[in-house]
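# Structure assessment
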Amino acid sequence: MAVTPTIINSENQIYLANSPIHIRLHNLAKDTSLQLAIMELYVWIGNLDTPPTTASFTYKSTKVSANDNYIAFQISEPISSFINSTKFVWNSGENAPMIRGEGVFFQIKYQIDEETPVELPTCFATNGYRFDFEQVGDISGNIDGQPYLGLLPINYSDRNFSENIKYYKREFDFTKTLGTCTSENIIKSTAVTPTTTQCQKGGKYLVAYLNRHGLFDYFTPFGKATKQIKVDAETNIRLYRNPKSINNSVVHSKKRSIDTTEQTYTINTGYLTETMVEQIEEVIYSPLVYLINFSGAVYETTQIGVTVDSTIITVDSTLYTVDNTTITANDVGYYSDYKQIPVTNENNDFMFKSRQFDKGKINYDLVFKSTTDKINNVR
Amino acid sequence: MTTEVYVSLNGIDYYRLDLMKSETILMKYIYKDTQDLSKIFSPYSQSFALQGSLNNQKILGFLGETKIVKTKTNNVFDCKIYNNGLLAKKGLLKVTEARYENGKIESYTANFTTGLLSLKDRMGEDKISDLPSVPITIDWTNVSVKNYLQQGLFLDNSGKINFIVPFISNNRVWQVADINDATKLDNITYNPIADLNGDNFIKINELSPAVQFRTIIDLIKQKYDLDIIMPLENETFYNDLYVYCNKLEGSFNNSVYYDVINPFVYTRFLDTFGIFTPTPPAKPKYYLTTDFINDIFNINIDTSPTAPRAPFNNINNDFYNESCYIRVIFYNVINTKSNENIDLSIQVELIGGVIFKEDSINIVNGGNAEFNISFLDSNFTANQIKFKIKVLSSVPITWSSSTVNLMYDVFYFGDIKGTFGFSSSLNNNSSTMSMSKIDLFKSLPDLKVVDFLTSFFKTFNISIFETSPDDGRLYWLTPKDIQAQNKEYSKTEVDYTDFVISDKLNKQIANDYNYYNFKHKTSKYKSNADYLRLNAYEYGQLTYPTIKPTKDLSEFKVETNFSIIQSSPVIGLNVNTLYGFTNENPSAQQNNALRYKPNTEDFTLFFYNGQIAPRTPYLGYLNIYPNGTKAIEPLNSITIVGSIHNQSGFNLGFGLIETATNESLYENYYKDQTERLLEPNTLQHTYTLELPPSELVLNYANTNQGESNIPSGFRLQNDIVIQETRYSVIDATIDQTTGKTTLNLLNYV
């Protein structure tokens, strides 16, 4: 079997696969006479109009209890396992970061007993997540609608901004046609102009994270940033052949081998307004986080019009070539040098702070662990 | 060090599993445990946990999500383990458990095995006799057996399997003496005028063939798809080792269709008076015709036959019986494998394969077998019935001639019966039907393949080693092979001093055996029972100390399922034979000659020692030709076997037997090991090491002088030097992810 894809033009076709996705199937009569459901799940990346010809997964289940008028499947893990190459690459100046693989298309085709197979509209899933009272949305057909708060607008106005960073907002584009829509361009980047900017006093960091929609977002911390390294090493004895020949004033009798060198970043958010706490919550729940560490250097006016030919800027073993790029007036004032650090989120406790009880002291220490050792051990 | 584990759902595309940060894949390598075959095939891993990441879930086909239809029928995945990009292990990943927490998969439990661990399961209850895919048969007629006995090596009917017929009687003690010496009841000296019904010659039915031992190993390799390198195969004694096909009954699977040779003619048989022979009717009721090529019998009913006496008498009170019958007779049926009675049966098999009727009888050796199968008119379809006659025997047989008759009775003058029908002249079809074939493997005593292999490993103290993970081959090596110079399986010496990481060392008493016992199975052979009675230990057995401790016995026992037989001289002949019969009380014939019971149960090994031409007097052999002619003929040579290989001096006993002076199983394969274990200074040392990645993979590029063929990297057969002591490996547990290793070593003194 195969499926015919449909355009994606409503929020109801967006699924957040970091939370369970329950599919409930009925027969046409929606009664308890249904017995067996076979459901094909097609998952794909790339062009919307080129789904796989065979199902990625086939689900099969008989009715669980005699009184049931439905058969249910939970499909988030198989879908989520396809969102496995999410990439974020920061760009200097005013260039938008390169972002790939935030989501996948999926489509369901099912058959109840001997009834005609039913094909549901194509959907798009990200690694976002739903909050407590949100259930899965309605696709159509014989699937029950459930409470769904939709894609709540994310507040971009009440945020800290740095004037040295160019911000982009990631959002779903519901205007793409069947022939043009891909799993990349269904998410568009829109430049956001800061309204409140602050001077970064501590470390110059930017936290790039997957928000609850499964799209990349930024948080700009202003507080103190510390960096810590923990070394895990073993010191072992050393044995020798022919011990009489060993001069132990020269030869070491112990050897030390380092297993890991873990880097931890603790970054204070700086003082926040009460409404900004929601964003901190999102950072803490985020499944994927990058730290962008700026050196502080910015593009200056003297660089206008200067061509940086065949120069390679190395950012932690990753090569970015800025060949024949002319620094334009638009870049001026933005950070020029940076290091992108893939980190894991180590914040396990989170307390909502409020103006009422915490006065002006609304700030958090965010702890991130670098996924790479200080001593490079990539093999 | 980086370790990567790849698995495949379809055996072609491999995907990398996410490993936990502190992943340990402990591979267990055991030098050997001869007690349990499943443990011989090292290495295998202890179970380890895999994280339940989405990546792992996807690679493992969402194992645990029971509503997703699986393409794989089991949870065993083809698996490869790489260390620093080099293939270190290839085998199977068995996922045994998926742990859920909060509805999400937290982790999987899996273990890694080489593909061979399941060999014991695959062999299961298979017997040696099940090994060949097609029957391995040889002709077993008087004429052919005479050839076998005289000429030594032969190939089976498929031309692939070596066999011999050794100079062994399974029921009596042969003697050689003057042909006029009436006191020698089993005198087999050539005497052309001896009584053809007597005992003064070698008979076909006291002989048995023997199949080459290595063909069994070869068939095991073939059946279980094993790629094995075994240097033992180059030894002449190994190739001259044979197994006695001493099972007599229920093993020959002889069933053939009756071969029609002569045409049938309309015949009248004797009537009830015995003298009155009525003229045959012009139109008999039953006709028999035959398809000679396909051996199909065809009986037709003529619906308007003429009465038998029609030419004489027009009183039509004659009537036909409403049935006819087929009479099959085999004359002088001889069991060519033993003196036992013969169970013979025939089946009338209709065209299409349905068995219409069958009949079976038990006859004495040499007797006639007669079968009668009747056909009612109601059995005919459209006045016709077509069938083949199938003859079945559980033992190989020959007969002098046979006949098939169609008979039917006609009554006339009321109750006076005349019998008419169709008959042929006697068919000499014993040789064309070849019911005197022996299936070599079906006539081996019952032994499971697993027990056979275990015994084989014990006999030669064979250990199993892997070659490189790429080719999946195995080395089956004796301790001698490991010592060989510069072979890829040879042992080498490696210095692990640098890799020791723990300052602690345990020295344990390796074992507390106080009695070592090496033996073959206690067999029922008479000569072995006599040997045990005389010597207080078994033939070929070796124990240390000689007297078994009576207190705190801790026995190290190596016992095979094989038997060997002590050789015995033939009185009056400078040649040894083996007694193929048991210790049970013999029965006496009328002339007081003793007849023993053939040993049909013990899996018996001996060496083929070539041919010996007995000087005059020759030995006599009773030959019976296809036409039934009997003749006593001289044998100009005989095939000699024994437990000692004459060419190499190698003997099959663990201890020294008979004329053996040096080579024994113990001396060759167990001595060094046992003597090390007996030394009080030999202790089991337990070291903790961290092996570098180069030791975790086998590398065939060895630059050491004189070791160009020996791979580097950890191998069980290597000797290991740590500081100023040299050790051999007992077992090793290696964490494939970090190289952390626990070695149990046995020091050399």
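Residues numbered from 1 in each chain as written. Chains lettered and ligands numbered in written order. Predicted model: local features only at pLDDT ≥ 70, side-chain atom pairs only at ≥ 80, totals over all residues. Heavy atoms only, no water.

### Observations regarding the packing of aromatic side chains
Residues and elements named next belong to chain A. This model, assessed by the stated rule, comprises 77 aromatic pairs over all chains. The side chain of Arg24 reaches across the aromatic face of Tyr70, ending 4.8 Å from its centre. When the ring centre of Tyr364 is taken as reference, the NZ or CZ atom of Lys353 above it lies at 4.9 Å. (Phe/Tyr/Trp six-rings, centres within 6.5 Å; stacked < 30°, edge-to-face > 60°. Lys NZ or Arg CZ within 6 Å of the ring centre and 35° of its normal.)

### Considerations on the packing of helix H8 (residues 449-460) of chain B against helix H11 (residues 665-678) of chain B
All names here are of chain B. At their nearest, the axes of H8 and H11 sit 8 Å apart, and the two run at 85 degrees to each other. In terms of orientation, H8 and H11 fall into the roughly perpendicular class. Residues Phe457, Lys458, Thr459 and Phe460 of H8 form the contact with H11, whose own contacting residues are Leu665, Tyr669 and Tyr670. Looking at the contact of H8 with H11, its residues break down into five nonpolar, one polar and one charged. (Axes fitted to C-alpha atoms, helices over the stretch in contact; angles between N-to-C directions. Helix = DSSP H or I, 4+ residues; strand = E, 2+ residues; numbered from the N terminus. Parallel < 35°, antiparallel > 145°, perpendicular 65-115°, else oblique. Contact = heavy atoms within 4.5 Å. Nonpolar A, V, L, I, M, F, W, Y, C, P; charged D, E, K, R; others polar.)

### A word on the sheet that holds strand E37 (residues 555-559) of chain B
All names here are of chain B. In space, the three strands of this open sheet follow the order E36-E35-E37, with mixed pairing throughout. The outermost strands of the open sheet, each flanked by one partner alone, are strand E36 (542-544) and E37. Adjacent strand axes in the sheet meet at a mean angle of 5 degrees, parallel and antiparallel pairs treated alike. Looking at chain direction, strand E35 (residues 515-519) and E37 are connected through five bridges and run parallel. (Pairing = 2+ DSSP bridges.)

### Some words on the interface of chain B and chain A
At the junction of the two partners, chain B supplies 26 residues and chain A supplies 26 residues. Between chain B and chain A lies a buried interface of about 2,300 Å² when both sides are counted; carbon and sulfur atoms form 53% of it. On the chain B side of the interface with chain A, the three residues burying the most area are Leu54, Lys58 and Lys67 of chain B, jointly 24% of the side's total. On the surface where chain B and chain A come into contact, there are three salt bridges. The shortest N-O distance in the salt bridge between Arg241 of chain A and Asp495 of chain B comes to 4.0 Å. At the boundary of chain B and chain A, one finds eight residue pairs in polar contact (both at pLDDT 80 or more). Top element by residues in the side of chain B that touches chain A is helix H2 (residues 54-59) of chain B. It accounts for three residues. Per-class residue counts for the side of chain B that touches chain A are 10 nonpolar, six polar and 10 charged. (Buried area = accessible area lost by both parts, 1.4 Å probe. Salt bridge = Lys/Arg side-chain N within 4 Å of Asp/Glu carboxyl O. Polar contact = N/O pair within 3.5 Å; in protein donor to acceptor, adjacent residues only side chain to side chain.)

### Observations regarding the pattern of salt bridges
Counted under the stated rule, the structure contains 41 salt bridges over all chains. Residues Glu171 of chain A and Lys169 of chain A are paired through a salt bridge, measuring 4.0 Å at the closest nitrogen-oxygen approach. We classify Glu171 of chain A as partly exposed; its relative accessible area is 25%. A salt bridge links Lys247 of chain B to Asp446 of chain B, with the shortest nitrogen-to-oxygen separation between them at 3.1 Å. Placement of the pair is Lys247 of chain B in the loop between strand E15 (241-244) and strand E16 (254-257) and Asp446 of chain B in the loop between strand E30 (437-439) and H8, with a sequence separation of 199 residues. Its relative accessible area of 19% is what places Lys247 of chain B among the buried residues. Each of Arg172, Asp186, Asp199, Lys203, Glu206 and Arg595 of chain B takes part in a single network of salt bridges with overlapping partners. (Buried < 20%, exposed > 50% of the residue type's maximum accessible area, 1.4 Å probe, protein only.)

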